[in-house]
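Okay, here's what each chain looks like letter by letter:
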Amino acid sequence: MNDPDRRDPEAFLRQAAQEGRGRLKIFLGAAPGVGKTYEMLTDGMQRRKAGIDVVVGVVETHGRKETEALLVGHEIIPRRSIDHMGHRLGEMDIDAILERRPALVLVDELAHTNATGSRHPKRYQDVEELLDAGIDVYSTVNIQHVESLNDVVASFTRVRVRETVPDSILEMAEIEVVDIPPDELIERLKDGKVYIPQEATRALGHFFSKSNLTALREMALRRAAQAVDAQMLDYVRAHALAGSFAAGERILVAISEVPSAQGLVRAAKRLADALKAPWAAVHIETQRSLAFTAQEREQLADTMALASRLGATTATISAPSVVEGLRHYLGDARATQIVIGKSTRSWWFELRHGSVVDKLVREVGDVAIHVLPGDDPGRGPRSLAQMVGQGWGQPIDYVWSTLMIMGMTALGRLLIEIIDLGNIALLYLIPVMFAAASFGLRAGLFSGLLSSLAYNFFFLPPTGTLTVNNPENVISILVLLGVAIVTSQFAARVRAQADLAQSSARQNAALAGFSRQLTASASQEELMQTICAEVSRLLSVRTVLLLPSRDGPELRAAFPPEDRLEQIERAAAQWAMDNEQPAGRGSSTLTASDWLFHPLRTTRGVLGVLGLAREDAGAPLRSDQIPLLMSLLDQASIAFDRMALEEEMLDARQIRERDRLRSALLSSVSHDLRTPLTTIISAMHELKRQHPSELVDTVDAEAQRLNRFVANLLDMARVEAGALPLKVEPTDLFDAVAGAVHDTRKSLIGHEVKVDILPDIPLVRVDPTLLHHCLINLLDNAGRYGDPGTPVIVRGRRLPDAITLSVLDEGPGIPSGAESRVFDTFTRLEGSDRVKHGTGLGLAIVKGFAEAMGLSVSATNNPDPFGACFTIIIPHALIITELPHEDII
Amino acid sequence: MKIRHKVLIVDDEPHIRKLIQVALSRADYATVEAENAREALEMLQNERPDISLLDLGLPDRDGLELVPLFKQQSDTTLIIVSARDATDQKVTALDLGADDYLTKPFDTEELLARVRVALRNRMTKDGGMALVRAGDVEIDLLARTVLKAGKEVHLTPKEYAVLVQLAKFPGRVITHEQIMAHVWPNEREHHVEYLRVLVRTLRQKLETDPQRPRIIGNELGIGYRLRFNVEGETEEFAPSDA
């Protein structure tokens, strides 16, 4: 086998098999959208022009014009339609192609899964049949569909594709990498030139990141290079040309029933690929295998199937022990390297039964052993009960205990002449207490027992025997044991607390890390992914996150990537959402589901549910993990709240923008109404002078009213547009009131307006125009609602920290309870005769303008005489208290 | 025969022009009209109007640019006619040299009153009126005395200075800035609050009811106007419609 001149029979056979077969060329891309189909069609067309008989077996154009254009001139074999649950699906018609017997057939998307009812479940199997028939095939595939790379890709893209192509297909193909730079691909994606299946859009934001694309591209290029290597090697081996190639490497992977065994299989595959070595997967069946659960058996079968799919020879060997079986098989398979998982058993188990790794190292000589980390179900915080219970400690503890007792015995022997026999027993308390305190209960008991034996043997007469002839001495022995028990109990409790503190520190660190990760998420999508990934990592479970949608719970994120949930699981998720209670495995509801769903409660109610499951379909959570999960869920909820708040703020900005547009429209309409109105009103005045009549007065009054209404609309539009342009200046309230009273004299006919403002009322900083509008609206309102003939009072008062300017009428007042509503837009109070003509805008304008200036408003009823009282409150900050120097004025 | 005063009406709205023309004709003024800035400047040269009523919203040019041109190219008295919410524009126009303003929509009587005031100020521009009556207040600009109901009122120098500014052009709006520039000629920065305080003390001395001032009228955000007596009657017009 090490003879370089010898032809490798396997390579020779592969070459020979190739002779009668068709040749496969694969256009390999890093991601959808790189242009594989385009490349394949272009290449196919060139072959056709070169006189080769080329047909199109199946090409997915996804409605893209450029691709469709390339199909022109090609002969296309019509698809066979297959009825599938009421849908008609078009699949490649393999029989038609075989009958047509072209030299070359173009088959798009090698990883495609055929509709149920097709001859082969997978398209690559169709292709194999075509190749077997001697027909050359061109096909396309993306790197993430390659079986052995599937989980590597999923690990960093968080997208797992379920359609995979076995590596063996790639190995027999000529590979052409269709490559475009990631930036260009992202550009194409933005331009909508990449076809994305509907169900995949949610993952895309993440998938098409530059770093992902770069990594995928690298993988594609490497895979292609590897294929070239392999083909070259095959050629070399078949023709026995070269003298040096890594001959004889054979890899064996030992698999067990644990889920992480699949990781081992994939690792072995990569190792085998790198070494260009054949590999085998073996499971050693021992006594233990009889006790496997159904799930464990299923898991084992899955792992074996995966290994087989990846190109391994598989075997199951019965043997008395794992090491025995492996040793045997290693010899048979002439393996040079073995891949095994790290043992997850306790040291105690290994102490009794021996460590597989250790034994292997010892027992099989010239084999390289790769020990990879396995799944450790014991990871994560432990409960107090577990810790107290786990008192076995390390073997070294017992050695120390024994040594101390031996030392104490020696010391006792030296002192026997000086001290009393009974006090010797006291000496033994020292190692017992020390052992119990340091190593735990069992080590303590061990020391107690050993001490009593030593005491008995070396000191108690008759020395040299274990006989006790004095009942007093029995008490000594019992005391030694009792001390060991009591001390170790105390020590164990202290240690348990220390461990607990440590574990809670660990938990806190985990939480802090979690919340840091969440804070870093920029979008809700990313946040959900992070939550899934982190919870999965911290609790060693699989996670999914579902949000409610119209069609029930919608899967929004998962780790590891997951696409589907069973019906029962959806039901559990829905129940958890509706009832805000956990549901599924490990809860009290819908326990048939493999998943456990916990609701994510935010301040706005249940946002969604987080689902947890174990790879081995066991209970997703241990009871001691629940507090940690609760804390994680709380953190997640806070992160969601934060995100929602940010989005609301964005919404608020959009609403403001909409309001701005509305206001702009309103303002323009108002202007168009006002221009003619202005003319009408002015013309009316002139008409009144020249032809006074009641009719003219009526028209004038109505025109004025309309004008006021339009003016109010315009003012309201300004208020709602926000950011009223303010022109604040020192203002004398007398001027403000006098101007407003003058301008509303017509609406106040029948009312005497009394101005009651303290003569020395300070000046205030307001926008005089806005204040004027506030006052005329208040006066207008008073004129409207005040009983005819009653006075309207404008009152200005100085309070310690404010100035109030009130307009009081005598009338029905404001209905009780409506005081706060009167300032709302279009509120006209019903249930009283306050329903009088008016726009319902006046008071809203007062409030809007006042608040724009930093003033506030209030509405109350004045008891005597009864009537409404509207007050504008000018805060201290706006009052000008410093009067100028006398020499200035 | 009476010489009719000529008024130039500049407005792009034909209906407004028509309305003003009708009102002015009733009061026996001659009118010429322009619908944009170009025509207005032409008319200003060709017709030499005594009074110009200028709408600031013209289609071909910013009305504010016309204000200095009008003052440079003619001795017409310029009254701005503009919409109510253009306070800043009004102040700017007045500070640029416009003589008065009128807010749309206006009462035609108010328009005529403004025109009358403008004509009076035009006629007395050079000599100035020595004696101005407003209500029961008499301001003698030569003797520098102020009488209220026949009794002399003692004013501080600053109070008097404010009153003089208003009385020089009775009935016309004087902006805060214009008043302050005369009252505190040495202050670089003017404080409206000082002016407000002065006006309040003035009103307390001159007005019969200081809570409802009738003599010194306030123009919102713009300035003050002295309401004076014409032939024994007080001109009564809106303090402002802004």
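The model shown is predicted, which means the values in this text are computed figures rather than measured ones.

1. A look at the overall build of chain A
Of the regular secondary structure elements, chain A holds 27 helices and 26 strands. Put simply, chain A has 889 residues, and 36% of those count as buried. Expressed as a percentage of contacts within chain A between residues at least 6 apart in sequence, the contacts between residues at least 24 apart total 69%.

2. Details of the overall build of chain B
Across its full length, chain B holds eight helices and 14 strands. In chain B, which comprises 242 residues, the share counted as buried stands at 46%.

3. Quick notes on the nonpolar core
If you look at the biggest cluster of nonpolar residues, it comprises 73 residues, and the most contacted ones within it are Leu-53, Ile-79, Ile-80 and Leu-163 of chain B. Here the element with the most residues in this core is helix 8 (residues 192-206) of chain B; it accounts for seven residues. Shared between two domains, this core holds at least three residues of each, these being domain 1 (6-123) and domain 2 (131-234) of chain B. In this structure Ile-79 of chain B touches Ile-51, Ser-52, Leu-53, Asp-99, Asp-100, Tyr-101, Leu-102, Arg-114 and Ala-118 of chain B, once residues within four positions along its chain are discounted. Ala-30, Val-137, Val-146 and Leu-216 of chain A belong to the second-largest nonpolar core, a separate cluster that totals 49 residues.

4. Comments concerning the interface of chain A and chain B
Facing the 31 residues of chain A at the interface are 35 residues of chain B. Within the residue set of the side of chain A that touches chain B, elements represented by two or more residues are helix 23 (626-690), strand 19 (729-731), helix 25 (733-743), strand 20 (753-757) and helix 26 (768-785) of chain A. Among the elements that make up the side of chain A that touches chain B, the one with the highest residue count is helix 23 of chain A (nine residues).

5. Describing the sheet that holds strand 6 (residues 131-134) of chain B
Residues and elements named next belong to chain B. One open sheet accounts for four strands, arranged 6-7-8-9; its pairing is antiparallel. On the outer flanks of this sheet lie strand 6 and strand 9 (151-152), each paired with one strand and no other. Bridge count between strand 6 and strand 7 (residues 137-140): four bridges; the pairing is antiparallel. Along strand 7, the bridge assignment pairs Leu-131 with Asp-140.

6. Notes on the packing of helix 6 (residues 157-168) of chain B against helix 8 of chain B
Packed helices, taken two at a time, are described by the angle between their axes plus the distance between the axes. All names here are of chain B. The geometry of helix 6 relative to helix 8 is characterised by a closest axis approach of 10 Å and an angle of 90° between their N-to-C directions. The pairing of helix 6 with helix 8 is recorded here as roughly perpendicular in orientation. Where helix 6 approaches helix 8, its residues Lys-158, Glu-159, Val-162 and Leu-163 are matched on the opposing element by Leu-198, Val-199, Thr-201 and Leu-202.

7. Brief notes about helix 6 (residues 150-157) of chain A
All names here are of chain A. What helix 6 keeps buried is the set Asn-150, Val-153 and Thr-157. Buried residues in helix 6, looked at end-on, bunch into an arc of 70°, giving them a common side. Arg-158 sits one or two residues past helix 6 and shows a positive phi near 60°.

8. Re the pairing of strand 5 (residues 100-103) of chain B
Residue and element names in this part refer to chain B. Residues Asp-100 and Leu-102 line one face of strand 5 and the alternating positions Tyr-101 and Thr-103 line the opposite face, and both faces are buried. Bridging between strand 4 (residues 77-82) and strand 5 involves four bridges; their strand directions are parallel. Across the sheet, residue Val-81 finds its bridge partner in strand 5, namely Leu-102.

9. Some words on the sheet that holds strand 20 of chain A
All names here are of chain A. Taken together, five strands build an open sheet; the order of strands is 20-22-23-25-24 and the sheet is mixed. Strands with a single pairing partner mark the edges of an open sheet, and in this sheet they are strand 20 and strand 24 (856-862). Along the sheet, successive strands turn relative to each other by an average axial angle of 15°, direction set aside. The sheet contact formed by strand 23 (residues 802-808) and strand 25 (residues 867-875) spans seven bridges and is antiparallel. Bridged to Val-807 within strand 25 is Phe-870. Sitting on the sheet, helix 25 is in contact with strand 20, strand 22 (792-799) and strand 23, with an inclination near 175° to strand 20.

10. Looking at the pairing of strand 8 (residues 174-178) of chain A
All names here are of chain A. Along strand 8, the buried face is formed by Ile-175 and Val-177; none of Glu-174, Glu-176 and Val-178, which line the opposite face, is buried. Inspection of the sheet shows strand 1 (residues 24-29) paired to strand 8 by five bridges, in the parallel sense. Looking at the pairing, Lys-25 lines up with Glu-174 of strand 8.

11. Concerning the confidence of the model for chain A
Residue and element names in this part refer to chain A. On average, chain A scores 78 in pLDDT, and the residues at 70 or more come to 82%. Looking across chain A, the model is least confident in helix 16 (residues 384-389), with a mean pLDDT of 39, and most confident in strand 23, with 94. Below pLDDT 50 for its whole length, residues 830-836 participates in twelve contacts with residues either more than four positions away or in separate chains.

12. Description of unusual backbone geometry
In this chain, Phe-559 of chain A is followed by Pro-560 of chain A through a cis amide linkage whose omega measures -10°. When you line up the elements, Pro-560 of chain A lands in the loop between strand 15 (552-559) and helix 22 (567-579). Residues Asp-864 of chain A and Pro-865 of chain A are joined by a peptide bond in cis, for which omega reads -10°. As for its placement among the helices and strands, Pro-865 of chain A is situated in the loop between strand 24 and strand 25. In this structure, Ser-540 of chain A takes a positive phi of about 55° despite not being glycine. Inspection of the secondary structure assignment puts Ser-540 of chain A in the loop between helix 21 (524-539) and strand 14 (542-549). The backbone of Arg-144 of chain B sits at a positive phi, close to 55°, despite the residue not being glycine. For Arg-144 of chain B, the location among the structural elements is in the loop between strand 7 and strand 8 (145-148). The class of Arg-144 of chain B is exposed, set by 10 C-beta atoms lying within 10 Å.

13. What to know about helix 5 (residues 123-132) of chain A
All names here are of chain A. Helix 5 sits mainly inside the fold: seven of its ten residues count as buried. Restricting attention to buried positions, one finds in helix 5 the residues Arg-123, Tyr-124, Asp-126, Val-127, Glu-128, Leu-130 and Leu-131. Lining the buried residues of helix 5 we find strand 1, helix 4 (94-100), strand 6 (104-107), strand 7 (136-142) and helix 7 (167-171). Gly-134 sits one or two residues past helix 5 and shows a positive phi near 85°.

Cut-off values and rules
- Each chain has its residues counted from 1, running along the sequence as written.
- To label them, take the chains in the order written and letter them from A, then take the ligands in the order written and number them from 1.
- Only residues with pLDDT of at least 70 are given local features in this predicted model, and only at 80 or more are side-chain atom pairs given and counted; all residues enter the totals for whole chains, interfaces and linings.
- Helix and strand definitions here come from DSSP, where helices need a minimum of 4 consecutive H or I residues and strands a minimum of 2 consecutive E residues; each element is numbered from the N-terminal end.
- Between the buried cut of 20 or more and the exposed cut of 12 or fewer other C-beta atoms within 10 Å of a residue's own C-beta lies the partly exposed class, and all C-beta atoms are placed from the backbone.
- Residue pairs are scored as contacts if the distance between their C-beta atoms, which are placed from the backbone, is within 7 Å.
- Take the buried Ala, Val, Leu, Ile, Met, Phe, Trp, Tyr and Cys residues, join any whose C-beta atoms are within 7 Å, and the set you get is a nonpolar core.
- Where a domain begins and ends is set by an automatic assignment or by a domain database.
- For two strands to pair, DSSP has to find at least two bridges joining them.
- Axis definition: a line fitted to C-alpha atoms, limited for helices to the stretch in contact. Angles are taken between N-to-C directions and run from 0 to 180 degrees.
- Note on terminology: angles under 35 degrees are roughly parallel, angles over 145 are roughly antiparallel, angles of 65 to 115 are roughly perpendicular, and the others are oblique.
- Directions pointing from the helix axis toward each C-beta atom define the arc.
- Looking at any residue, its pLDDT shows the predictor's confidence there, from 0 to 100.

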